[in-house]
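The lines below spell out each chain.
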Amino acid sequence: MFAISCKGLVKEYKTQKLVRALDDITFDVAEGEIFGLLGPNGAGKTTLVKILATLLRPTQGSAEVGGHDIAKEEDMVRRVIGYAGQDSERSAYFRLTVRENLMYFSHALRDVPVKTAKERIESIVSAIGFEERLDKHFIALSGGEKQLVIVIRAIVHEPKVCFLDEPSRSLDPLTAKRVRGFLKSYASEKGMTICLTTHNMKEAEEICDRIAFINRGRLQFIGTPEEFKGVVTVKEVVEIANFEIDKVIEERLLAIQGVSNVTKSDGNIRIYCDDAFGVLKNVFDFLGDIGIKAHVSMIEPTLEDAFAVFVSNDSAEGK
Amino acid sequence: MASALKLFYMAIWRNFLILTRYKANFLFEILTSVLIGGFMLLLSAAFDTTMLGQMVGSTNYVAFMIFGISFQSWQGTALWSAADTFRSELSSGQIDYTFSSPFSRYWYIVSNIAANAVQSTIFFIPMFCVGLWFTSDTLTVTGISLGLMATMLSIAALSQFGAIFAALVLQYRQVTAIFGFFNLAFQFLTGMFIPLQLLPMPLQVLGWCLPITFGMDMLRHYVMGTIPLMPVEYEWLALLLQLLAMSVMAKFVVVWLERNAKEQGLHYI
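Residues numbered from 1 in each chain as written. Chains lettered and ligands numbered in written order. Predicted model: local features only at pLDDT ≥ 70, side-chain atom pairs only at ≥ 80, totals over all residues.

A. Expanded view of the overall build of chain A. Within chain A, the secondary structure is distributed over 11 helices and 14 strands. Taking the principal axes of its C-alpha atoms as reference, chain A extends roughly 70 × 45 × 40 Å. By residue count, 44% of the 319 residues in chain A fall in the buried class. In chain A, of all internal contacts separated by at least 6 residues, the share reaching a separation of at least 24 is 69%. (Helix = DSSP H or I, 4+ residues; strand = E, 2+ residues; numbered from the N terminus. Buried ≥ 20, exposed ≤ 12 C-beta atoms within 10 Å, placed from the backbone. Contact = placed C-beta atoms within 7 Å.)

The following block contains the structure:
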């Protein structure tokens with residue numbers, strides 16, 4: 001039995017015009033697997049997670065979570081899932097402490113006995129190193145700490161399947177790493193399946209057994225992070241640091257022989273090619289022509305590069 | 001599955017923790033209740049109560065009003081508190097967690113209303129005590145008990161309207177005007193501030209369809225000794241039937257509206 005199984009899921013929103021947010025999504029997730037949903041903003045990741053968590057109704061198609069049909073057995077699905085959404089800043093009671101919030105949600109809404117809830121809360125927060133915040137009011141926490149509380153809330157009742165919508169958003173890199181480590185070991189210890197959405201390629205690479213890439217509502221790739229990197233037909237990347245380009249420069253860079261793609265990320269330009277040595281000289285010549293001095297280096301392609309190329313190629317096809 | 005009882009007592013626990021953390025506000029809510037009672041006391045000399053006596057069998061307009069106002073503190077809770085909870089959860093995003101949890105939506109709403117009603121009792125008690133002080137000559141323990149029982153039953157029936165309002169929030173997001181309309185209509189159609197007998201017959205009939213009418217009428221009858229609108233046995237029966245019918249309707253409407261709301265998503269658009 002799969003922990004999650006989707007068949008031909010379609011979601012259309014009727015606003016002023018019909019918007020197809022998900023288009024024929026089909027995939028399975030094995031029990032105990034950590035599955036990442038990747039894609040740019042507005043790709044349909046959150047819509048998909050909300051449908052699987054019974055918060056939205058699909059327009060077409062079917063899905064099962066924990067062996068239960070999301071449309072016909074909503075209540076059974078809710079018994080086996082945990083959920084952490086993106087709206088974490090205000091989605092707990094401000095004037096209750098972290099402990100009181102977690103007690104309320106786990107005991108009242110998830111039926112965890114008081115004693116068990118207390119023990120689990122203590123155990124989880126000590127594993128994450130969050131003990132000193134336990135008796136602080138929720139309102140007094142930083143954005144990242146609030147996010148952490150929402151993630152703990154999603155797992156404290158030990159669900160079979162947990163949906164985490166951008167769990168490391170607002171977390172500082174060190175806390176994010178600690179939380180990822182904890183989630184991985186917690187899932188493995190409890191046999192919990194995690195389905196998370198993320199923009200963070202490092203996160204996907206670090207904890208996901210498999211990932212699915214969604215763009216404009218369509219599932220474009222499914223496989224391991226390594227396979228995802230391999231799908232992108234680039235072997236090498238030339239990076240120009242701290243360099244802003246406009247459309248004309250981008251087109252001229254693309255016109256250099258051997259360049260298959262050009263993307264912008266954090267003020268850097270990444271040029272994708274099969275032979276970086278061959279391209280490097282032409283890039284230097286081009287920069288010299290336009291009178292720019294910049295730091296140019298050759299780097300190994302990462303998952304982030306695969307992501308950027310995927311989005312860039314799909315946008316080009318869309319046009 | 002989380003039980004209605006657990007949802008109820010945990011909601012009380014949550015509400016009281018939150019309430020007592022806004023201490024100044026908490027204090028002033030109680031003071032407001034006392035203040036209204038005090039003003040009523042001062043106004044008591046200003047009314048000609050002859051007509052009231054002819055209609056309802058008591059000239060004690062102050063007590064008549066005070067019981068109406070104290071009833072209002074529960075009416076507001078019954079009608080609006082669950083909708084307010086949903087509105088706040090919708091805007092904070094907490095609704096997603098709540099609605100991915102396994103419990104009956106209907107019982108979640110009703111438990112929250114009941115928990116809020118327990119909280120409202122704190123504000124009801126001072127007002128109610130002032131009302132009792134004005135009616136000391138007609139007061140009996142049985143009278144108070146039966147009056148309160150009728151009030152509870154009436155509030156339970158009214159909570160079903162509250163459940164429907166809460167579910168309307170899921171579908172329409174902003175329903176303050178709908179609530180305001182019904183709240184005002186209920187105040188005037190149920191004899192809260194003026195005797196129902198003063199209204200034209202079609203409006204009186206409309207008033208009989210609302211559970212507050214009989215609850216408040218019986219509270220006044222048992223505590224103040226007023227003449228009931230109809231024999232009290234019929235009023236008890238009418239209240240029970242209203243509770244039953246509205247519970248069935250509320251359960252159906254909550255399921256139906258949640259289902260519809262999930263077409264577009266449970267969030268402010």
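B. Highlighting the interface of chain B and chain A. Between chain B and chain A, the residue contacts involve 25 residues of the former and 28 residues of the latter. Those elements that place two or more of their residues in the side of chain B that touches chain A are helix 1 (4-21), helix 5 (94-99) and helix 11 (232-264) of chain B. Of the residues forming the side of chain B that touches chain A, the biggest block, seven residues, is contributed by helix 1 of chain B. Along the lines of polarity and charge, the residues of the side of chain B that touches chain A split into 11 nonpolar, eight polar and six charged. (Nonpolar A, V, L, I, M, F, W, Y, C, P; charged D, E, K, R; others polar.)

C. Focus on the nonpolar core. Within the largest apolar cluster, 166 residues are counted, with the highest numbers of intra-cluster contacts made by A:Leu52, A:Cys195, A:Ile271, B:Ala163 and B:Phe165. When residues of this core are assigned to their parent elements, the largest contribution, 16 residues, is made by helix 4 (residues 61-92) of chain B. Domain assignment of the residues forming this core places at least three in each of domain 1 (2-224) and domain 2 (233-300) of chain A. Non-local contacts of A:Ile271, meaning those with residues more than four positions away in its chain, are made with A:Val237, A:Val238, A:Leu253, A:Val259, A:Val262, A:Val279 and A:Val283. (Core = buried A, V, L, I, M, F, W, Y, C linked by C-beta atoms within 7 Å. Domains from an automatic or database assignment.)

D. Fine view of the packing of helix 7 (residues 141-172) of chain B against helix 11 of chain B. Residue and element names in this part refer to chain B. Contact geometry for helix 7 and helix 11: axes closest at 8 Å, N-to-C directions at 15°. Between helix 7 and helix 11, the angle falls in the class roughly parallel. The handedness of the crossing between helix 7 and helix 11 is left-handed. Counted by class, the contact of helix 7 with helix 11 contains 19 nonpolar, six polar and one charged residues. (Axes fitted to C-alpha atoms, helices over the stretch in contact; angles between N-to-C directions. Parallel < 35°, antiparallel > 145°, perpendicular 65-115°, else oblique. Left-handed = near helix turned anticlockwise from the far one by under 90°.)

E. Focus on the sheet that holds strand 8 (residues 193-198) of chain A. All names here are of chain A. On the basis of which strands lie adjacent, the open sheet formed by six strands has the order 6-7-8-3-9-10 and mixed pairing. Both outer strands of the open sheet, strand 6 (81-84) and strand 10 (218-223), are each paired with one neighbouring strand and no more. Strand after strand, the sheet turns through a mean of 15° between neighbouring axes, direction not considered. Pairing analysis gives five bridges linking strand 9 (residues 210-215) to strand 10, with the strands arranged antiparallel. (Pairing = 2+ DSSP bridges.)

F. Region of interest: helix 7 of chain B. Along its 32 residues, helix 7 of chain B runs 45 Å from first to last C-alpha, staying within 8% of the 46 Å computed at 1.5 Å per residue. B:Arg173 sits one or two residues past helix 7 of chain B and shows a positive phi near 65°. (Expected span 1.5 Å × (residues − 1).)

G. Focus on the domain arrangement of chain A. Taken as a whole, chain A is organised into domain 1 (2-224) and domain 2 (233-300). Each of domain 1 of chain A and domain 2 of chain A has a C-alpha centre, and these two points are 38 Å apart.

H. Just the sheet that holds strand 13 (residues 268-273) of chain A, in detail. All names here are of chain A. Spatially, the four strands line up as an open sheet ordered 12-13-11-14, and their pairing is antiparallel. If you trace the sheet from one side to the other, it starts and ends with strand 12 (259-265) and strand 14 (296-299), each paired once. Here the strands of the sheet are splayed against their neighbours by 25° on average, with no regard to which way each runs. Direction of pairing for strand 11 (residues 236-240) relative to strand 13: antiparallel, over a ladder of five bridges. The partner of glutamate 236 across the bridge, within strand 13, is cysteine 273.

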